[in-house]
Amino acid sequence: MTDKFIITPNGPLKGDVHISGAKNAVLPVLAATLLTGQDCVVQNVPDLSDVEAMCGLLESLGAGTRWDREAGNLTVFSSGLERHEAAYEWVGKLRASFLIIGPMLARLGRAKVPLPGGCAIGSRPVDLHLKGLAALGADIEHAHGFISAKAEKLTGARIYLDFPSVGATESIMMAASLAQGQTILENCAVEPEIVDLANFLNAAGADIRGAGTDTVKINGTNGMRGITHSVIPDRIEAGTFMVAAALTRGDIRLTNVMADHLKPVTAKLKEVNVNVQETDFGLRVFHDNTLEVIAADIKTLPYPGFPTDMQALFMSLMATAAGTSIITETVFENRFMQVGELKRMGAEIKIESRSAVVEGVRKLAGTQVCASDLRAGAALMLAALTADGKTELNGANHIDRGYCNLDTRLNQLGADVRRIS
Ligand code: UD1
């Protein structure tokens, strides 16, 4: 049995919140430490169960880790990397763990990795990662749920991604960093987490240009060195607190944020009559009740479009907004897992193919609901903050994968969320 939350509405949320380091930046950086064969210190590391699982995986391969959770510093001693086979026990826990395949291949010449687990939000294949590694010269086999990759040497190549996959861009950037010659990666992802990974790799001795644009050039190097790197703030965690301010008609100040990374979220909040101000300390998000929160259409897209990771959270906001919103999910094919649960809370939502038609109601009603995945769980938590009566939210483990103490941090802003173990 995992923990659950009891959420009692407690009025507008007010106060300051410090945003954690980004889950989606730290996980690829931890995989990339394997490329160096030396000690790397990663800073601003969020205290998440996904990070714990990634450490377990690195240790199972022979690397060492030391994590000072209080300080947010995680050291990886990657000289001990010796095993090329990753256990399902770890990889089944989080999809990002598949990212070790590129570094293992580059360091050891071979890697055997189970097909990944993680949030159940679609089929989430890894074909683009594998096409990229094959283009760099790897022999790839798929048998009994494992991918085996072998290469005596990796050689730079020109690679065009059919879709700008975040994970595939990261896998290829990492493997190509230790390949011979130049790799040109086209139609790649441009997310801020890609830029953060490129910054880590370049500081460790790689030669990557153009990260953050749709064409990245990687000149392979012979070896890399251990470094200290601080990961970027989590734009999705920031967006979650921004929606919490909007939903409760509160006033929250966010520190340790990069406003640029939040442009699509900020624009959508402003469109629905929520105030977002850039200030010296970060961002202030508030609703002053002069204009009601109104419906808006949303379409998820790769960055800099509206993030798919914010889709469920905005659906909670739109569920009680004035009017009808159409929310279209284009990145993942099965990412409306929160809809059934929101409807149990009284939301009026119809799914039509890849769109959800959300008819705003006056109020949601607290009941028993269950988190099916990370962002769906957080969306239900936020919806419960303003529902009528108590909500029992089961499946806290999903939320703990990607949020650092979300319950206690919401409580510090005035919420009433109790965790039951
Ligand atoms: C990353 C994020 C996740 C976010 C997503 C999109 C991490 C750890 N996770 O996931 O939070 O929601 O980006 O912003 O960074 N695809 C393929 N073949 C592949 C790879 C992907 O078809 O080889 C498809 C996926 O099924 C999906 C789409 O491409 O439909 C986007 O996936 P991708 O960008 O790779 O997301 P992840 O890296 O898994």
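Residues numbered from 1 in each chain as written. Predicted model: local features only at pLDDT ≥ 70, side-chain atom pairs only at ≥ 80, totals over all residues. Heavy atoms only, no water.

Our next topic: the side chain of D196. Considering the arrangement of structural elements, one finds D196 in helix α7 (residues 192-203). Although D196 is buried, it makes no salt bridge; R235 carries the closest opposite charge, 10 Å away. If sequence neighbours within four positions are ignored, D196 has contacts with A25, V29, H229, S230, V231 and I232. (Helix = DSSP H or I, 4+ residues; strand = E, 2+ residues; numbered from the N terminus. Buried < 20%, exposed > 50% of the residue type's maximum accessible area, 1.4 Å probe, protein only. Lys, Arg positive; Asp, Glu negative; His and termini not counted. Salt bridge = Lys/Arg side-chain N within 4 Å of Asp/Glu carboxyl O. Contact = heavy atoms within 4.5 Å.)

A cis amide bond links Y303 to the next residue, P304, at an omega of 5°. The topology assignment puts P304 in the loop between β17 (298-299) and α10 (311-318). One non-glycine residue, N256, adopts positive backbone phi at about 60°. In this model, S353 sits at a positive phi of 60°, which is unusual for a non-glycine residue. Of the residues examined, S353 reaches a relative accessible area of 70% and is grouped as exposed.

Inspection of the region around the ligand gives 18 residues, with D127, L128, S165, D309 and V331 positioned closest. Within the contact set of the ligand, an oxygen atom lies 2.7 Å away from a backbone nitrogen or oxygen of L128. In the environment of the ligand, an oxygen atom lies 2.5 Å from a nitrogen or oxygen atom belonging to the backbone of V331. Protein contact buries 87% of the 740 Å² of open area that the ligand shows by itself. Taken together, the elements giving at least two residues each to the shell around the ligand come down to α5 (127-135) and α6 (166-177). If you tally residues by element for the shell around the ligand, the top one is α5, at 3 residues. (Near = heavy atom within 4 Å. Polar contact = N/O pair within 3.5 Å; in protein donor to acceptor, adjacent residues only side chain to side chain. Areas by Shrake-Rupley, 256 points an atom, 1.4 Å probe, with all protein chains shown as cover.)

Right, let's get into α5. L128, H129, L130, G132 and L133 are the residues of α5 that are buried. Considering only its buried residues, α5 is in contact with α4 (101-108), β7 (139-143), β8 (146-150), β9 (158-160) and α6. G137 sits one or two residues past α5 and shows a positive phi near 110°.

Under the definition given, this model contains 20 salt bridges. Note that K23 is salt-bridged to D50, the shortest N-O span being 3.9 Å. Linking K23 in helix α1 (residues 23-32) with D50 in helix α2 (residues 49-60), this pair joins segments that are 27 residues apart in sequence. K23 gets classed as buried once you look at its relative accessible area, which sits at 9%. By relative accessible area, D50 is classed as buried at 2%.

In this section: the sheet that holds strand β22 (residues 391-394). Here we have 4 strands laid out as an open sheet, ordered β21-β22-β1-β23, and mixed in their pairing. Of all the strands in the sheet, just β21 (368-370) and β23 (416-420) have a single pairing partner and so form its edges. Along the sheet, successive strands turn relative to each other by an average axial angle of 25°, direction set aside. Bridge count between strand β1 (residues 4-8) and β22: 4 bridges; the pairing is antiparallel. Within β22, the residue paired with K4 across the bridge is N394. (Pairing = 2+ DSSP bridges. Axes fitted to C-alpha atoms, helices over the stretch in contact; angles between N-to-C directions.)

Across the sheet, which stays open at both edges, the 4 strands sit in the order β2-β14-β16-β15 with mixed pairing between neighbours. The open sheet has two edge strands, β2 (14-18) and β15 (275-278), and neither has a second partner. Averaged over all pairs of adjacent strands, the angle between strand axes in this sheet comes to 15°, irrespective of strand direction. Note: β15 against strand β16 (residues 282-286), 4 bridges, orientation antiparallel. Looking across to β16, one finds that Q277 is bridged to R284.

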